[in-house]
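Chain by chain, the residues run as shown.
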Amino acid sequence: MKTLIITVGTRQVGWRCRDGIVRSLGADGSSNNPQHIEEIYRHELGIERGYHQDEGSDRTYPWSVWDLGERLYQECQKSDFSNVQLLLDQVIITEQIKQGLNHILLWGTQQPDTVTWSYRRMDTAWLAELMMGKLRETYPDLNVKVFKPSIGAIDVDAIQDQLESKILPFALQTRLPDDDQFTIIIENKGATSAIAEGLSICAGALVRDCQMVTMNPMEPRPLYPQVTETSYAVAPATEYRSVNLGQYFWPLERSRILSAWERGDFAEAKIWLAAHRDRYQILYDLAGYLALASNWQLQDALQQLQKLLLGSHHQGKIRKDLRKQWLKDIEILCKPQDKQTPEGRYLSIWESRLLIYVNLKRQNYTSAFLQFVQAIERLLFWRYRQEDWIKLGYVTPPQDKCNWSVKKYKAPFWDLRTGWQLEQKLSDDDPVVKNLAWMNDVRNDIVHRNDSITPTDFAKVLDLDATEIIPDVFYQRIEAFLQQFCPPDRPMPDHSLLEKLYQWGIEKLKADIIT
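What comes next concerns the included structure.

Rules used throughout
- Residues numbered from 1 in each chain as written.
- Predicted model: local features only at pLDDT ≥ 70, side-chain atom pairs only at ≥ 80, totals over all residues.
- Heavy atoms only, no water.
- Helix = DSSP H or I, 4+ residues; strand = E, 2+ residues; numbered from the N terminus.
- Buried < 20%, exposed > 50% of the residue type's maximum accessible area, 1.4 Å probe, protein only.
- Contact = heavy atoms within 4.5 Å.
- Areas by Shrake-Rupley, 256 points an atom, 1.4 Å probe, with all protein chains shown as cover.
- Lys, Arg positive; Asp, Glu negative; His and termini not counted.
- Charge placed at Lys NZ, Arg CZ, Asp CG, Glu CD.
- Salt bridge = Lys/Arg side-chain N within 4 Å of Asp/Glu carboxyl O.
- Pairing = 2+ DSSP bridges.
- Axes fitted to C-alpha atoms, helices over the stretch in contact; angles between N-to-C directions.
- Right-handed = clockwise from strand over helix to strand, strands pointing away.
- Phe/Tyr/Trp six-rings, centres within 6.5 Å; stacked < 30°, edge-to-face > 60°.
- Lys NZ or Arg CZ within 6 Å of the ring centre and 35° of its normal.
- Patch = residues over 30% accessible without salt bridge, like charges linked within 9 Å, V, L, I, M, F, W, Y side chains within 5 Å.
- Core = buried A, V, L, I, M, F, W, Y, C linked by side-chain atoms within 4.5 Å.
- Expected span 1.5 Å × (residues − 1).
- Arc of directions from axis to C-beta.
- Polar contact = N/O pair within 3.5 Å; in protein donor to acceptor, adjacent residues only side chain to side chain.
- Disulfide = S-S within 2.5 Å.

Concerning the overall build of the protein
Part 1 of the argument: From N to C terminus, the protein includes 21 helices and 11 strands.
Part 2 of the argument: Seen along its three principal axes, the alpha-carbon backbone of the protein occupies a region of about 110 × 45 × 40 Å.
Part 3 of the argument: The buried share among the 515 residues of the protein stands at 51%.
Part 4 of the argument: Long-range pairs, those at least 24 residues apart, make up 68% of the contacts in the protein with a sequence separation of at least 6.
Part 5 of the argument: Just so you have it, the protein exposes about 25,600 Å², and 48% of that area is on carbon and sulfur atoms.
Part 6 of the argument: The averaged location of the 69 negative side-chain charges in the protein is 5 Å from the averaged location of its 61 positive side-chain charges.

Dropping the structure here:
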């Protein structure tokens, strides 16, 4: 869905006259512009152009956009708005309706009586009404609303208050729930500098909440083509420039995104990427999936990733061989628990390696330790079931469960460690056996007593000294430690799927920084 905010200026509206010529309601003979206002009064309305006079003053000002717009609006009320022409915005609206535009907000100026007629006569509230009438007739399904607050066109505080309390809240409420593609478009070519600056400030604050895009119609050349010896028409815009405001923030924010990604703070990376979805939607989506996986919602993450990879929107942005391999990995990993193959269960064990690594990057050693011990337990439990350690005599259930099968008896870590020790024919004095016992005690203290583990203590298990407590070195030693619990015919995979996705995202972010 898209919502378009137009700040209505004096050059926004044209009128198709009886002679077939479209004249501008803002062309008044100055700066080599034709005297369209004068011609519309005389030939269309059949009246002489009058004057405004400020109360208590003898100064007068010729009627202009305010008066002319009101008179033409009354004419339209008698018939229809077919003569109204959208000189600047028709090209934008025509194209954007095809791309989901469903709301338009027209901001017309309507200054209070305290402002002299020198300025008020140029107010555009009636032009906004003409535009709304035209749009509603042309696009019956389009929602169009006019805002015409009674404030000064250069009153910065009042303008900001209107933006924050009425205009932008109304624009945001047009968004459907969970619409990640919602876009607010701003066309402020006709705005005063105070209104344009106020909109820009508010738009900058919203870039992470939704897509904020500016569209600038380009006036044609010549703007006023000569159609007869004495008459000039006004030409409508046929092109416009579009800029996503997130582009302005990318040079500052991409380093923050990369840092959050490398630390495994994918929720933070997603927040920063929200302003850049027009160019980096794939990274935005992937950050969300990795955030789910970090919350142990691996199945949810993989199912959503599978839908993305099978869709057509992102296919050209991921190499075909990578996409094919990722889908193959997901097919193995993403089966219901009761239908998962032994290979799928084995590979899913290693998906936690990314969580270990990013916790080390964040220097969150206690969480990394818990994930590390859990990976060992899951690996031993997989072997316990696949190799039937009860049948082999490596695990003996308690007396009241001695008749249970390997599938029914869920062996605890103590039994699994003992079973592995027997399978490996290791003594109680073996360093690895002692380390497993210590790790079990420390894990219990963390869970039961809210203890923590220092990096130095963690490092001792891995035979690291203080100078080697570096995330990458730490992680390499963890992988080596885990490898010894793998069955002989099933070595540790080189990389898990989550690690591949994590690394792909880093490569994409770094490549963009270099370029």
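Description of the pattern of salt bridges
Part 1 of the argument: As enumerated under the stated definition, the model contains 24 salt bridges in all.
Part 2 of the argument: For Arg175, the salt bridge is made with Asp209, and the minimal N-O distance between the two is 3.4 Å. Here Arg175 is found in the loop between helix H6 (156-172) and strand E9 (183-187), whereas its partner Asp209 is found in the loop between helix H7 (193-206) and strand E10 (211-218), with 34 residues between them in sequence.
Part 3 of the argument: The exposure class of Arg175 is partly exposed, given its relative accessible area of 23%.
Part 4 of the argument: One salt bridge in this structure joins Lys500 and Asp329, with 3.0 Å as the shortest N-O distance. Taken together, the residues Lys500 in helix H21 (residues 497-514) and Asp329 in helix H12 (residues 320-333) connect sequence positions 171 residues apart.
Part 5 of the argument: Residue class for Lys500 comes out partly exposed when judged on its relative accessible area of 27%.
Part 6 of the argument: Connected through shared salt-bridge partners, Asp28, Glu38, Arg42 and Arg49 make up one network.

What about the sheet that holds strand E2 (residues 13-16)?
Part 1 of the argument: The strand order E3-E2-E6 describes an open sheet built from 3 strands, whose pairing is antiparallel. Each having just a single partner strand, strand E3 (22-24) and strand E6 (84-86) make up the two edges of the open sheet. Across the sheet, the mean angle separating the axes of adjacent strands is 35° when strand polarity is ignored.
Part 2 of the argument: In terms of strand pairing, E2 meets E3 through 3 bridges, oriented antiparallel. Bridge pairing links Arg16 to Val22 in E3.
Part 3 of the argument: The strands touched by helix H1 (residues 36-44) within the sheet are E2 and E3, with E3 carrying the most contacts at an inclination of about 125°.

With respect to the pairing of E9
When a strand is regular, its side chains alternate between the sheet's two faces.
Part 1 of the argument: Among the 5 residues that make up E9, 5 are buried, leaving the element largely enclosed by the rest of the structure.
Part 2 of the argument: Residues Thr183, Ile185 and Glu187 point to one face of E9 and Ile184 and Ile186 to the other, with burial holding for every one of them.
Part 3 of the argument: Sheet analysis places strand E1 (residues 2-7) next to E9, joined by 5 bridges and oriented parallel. Within E9, the residue paired with Lys2 across the bridge is Thr183.
Part 4 of the argument: Where E9 meets E10, 4 bridges bridge the pair, whose relative direction is parallel. In the sheet register, Ile184 faces E10, and the bridge partner there is Met212.
Part 5 of the argument: Between E9 and its parallel partner E10, the chain crosses via H7, and the hand of that crossover is right-handed.

Considering the packing of aromatic side chains
Part 1 of the argument: Evaluated as defined, the whole model comprises 23 aromatic pairs.
Part 2 of the argument: Relative to Phe170, the ring of Phe147 lies with its centre 5.6 Å away and its plane at 75°, an arrangement referred to as edge-to-face. In this pair, Phe147 sits in strand E8 (residues 143-147) while Phe170 sits in helix H6, placing the two residues 23 residues apart along the sequence.
Part 3 of the argument: Ring centres of Trp389 and Tyr394 lie 6.1 Å apart, and the angle between their planes is 80°; this geometry places the pair in the edge-to-face category.
Part 4 of the argument: Take Trp389: its relative accessible area is 0%, and that puts it in the buried class.
Part 5 of the argument: Across the ring face of Phe170, the terminal group of Lys145 is positioned such that the distance to the ring centre comes to 5.5 Å.

Things to note about a negative patch on the surface
Part 1 of the argument: Taken together, the side chains of Asp155, Asp157, Asp161 and Glu164 define an acidic patch exposed on the protein surface.
Part 2 of the argument: Under the relative-accessibility criterion, Asp157 is labelled exposed at 63%.

Looking at the nonpolar core
Part 1 of the argument: Trp261, Phe372, Ile376 and Phe458 are the most contacted members of the largest nonpolar core, which has 86 residues in total.
Part 2 of the argument: For this core, the element with the highest residue contribution is helix H15 (residues 365-386), accounting for 11 residues.

Section: helix H11 (residues 298-310)
Part 1 of the argument: For H11, which comprises 13 residues, the first-to-last C-alpha distance of 18 Å matches the rise-based estimate of 18 Å (1.5 Å per residue) to within 8%.
Part 2 of the argument: Here H11 has its buried residues at Leu298, Ala301, Leu302, Leu305, Leu308 and Leu309. Buried residues along H11 cover an arc of 120° about the axis, so they all sit on one side. Opposite the packed face of H11, turned more than 90 degrees from it, sit the exposed residues Lys307 and Leu310.

Let's talk about the environment of Thr7
Part 1 of the argument: Tracing the chain through its elements places Thr7 in strand E1.
Part 2 of the argument: Judged by relative accessible area, which is 2%, Thr7 ranks as buried.
Part 3 of the argument: Measuring from C-alpha to C-alpha, the distance between Thr7 and Thr124 comes to 9.2 Å, with 117 residues separating the pair along the chain.

Notes on the side chain of Glu423
Part 1 of the argument: Inspection of the secondary structure puts Glu423 in helix H17 (residues 413-424).
Part 2 of the argument: One polar contact links Glu423 to Gln424, side chain to side chain, over a distance of 2.7 Å.
Part 3 of the argument: Residues within four places of Glu423 in sequence aside, it is in contact with Arg383 and Tyr394.

What about the state of the cysteines?
Part 1 of the argument: Going through the model one piece at a time under the given rule, you end up with 0 disulfides.
Part 2 of the argument: Looking at the unpaired Cys202, the closest cysteine sulfur is the one in Cys210, lying at 12 Å.
Part 3 of the argument: Its relative accessible area of 7% is what places Cys202 among the buried residues.

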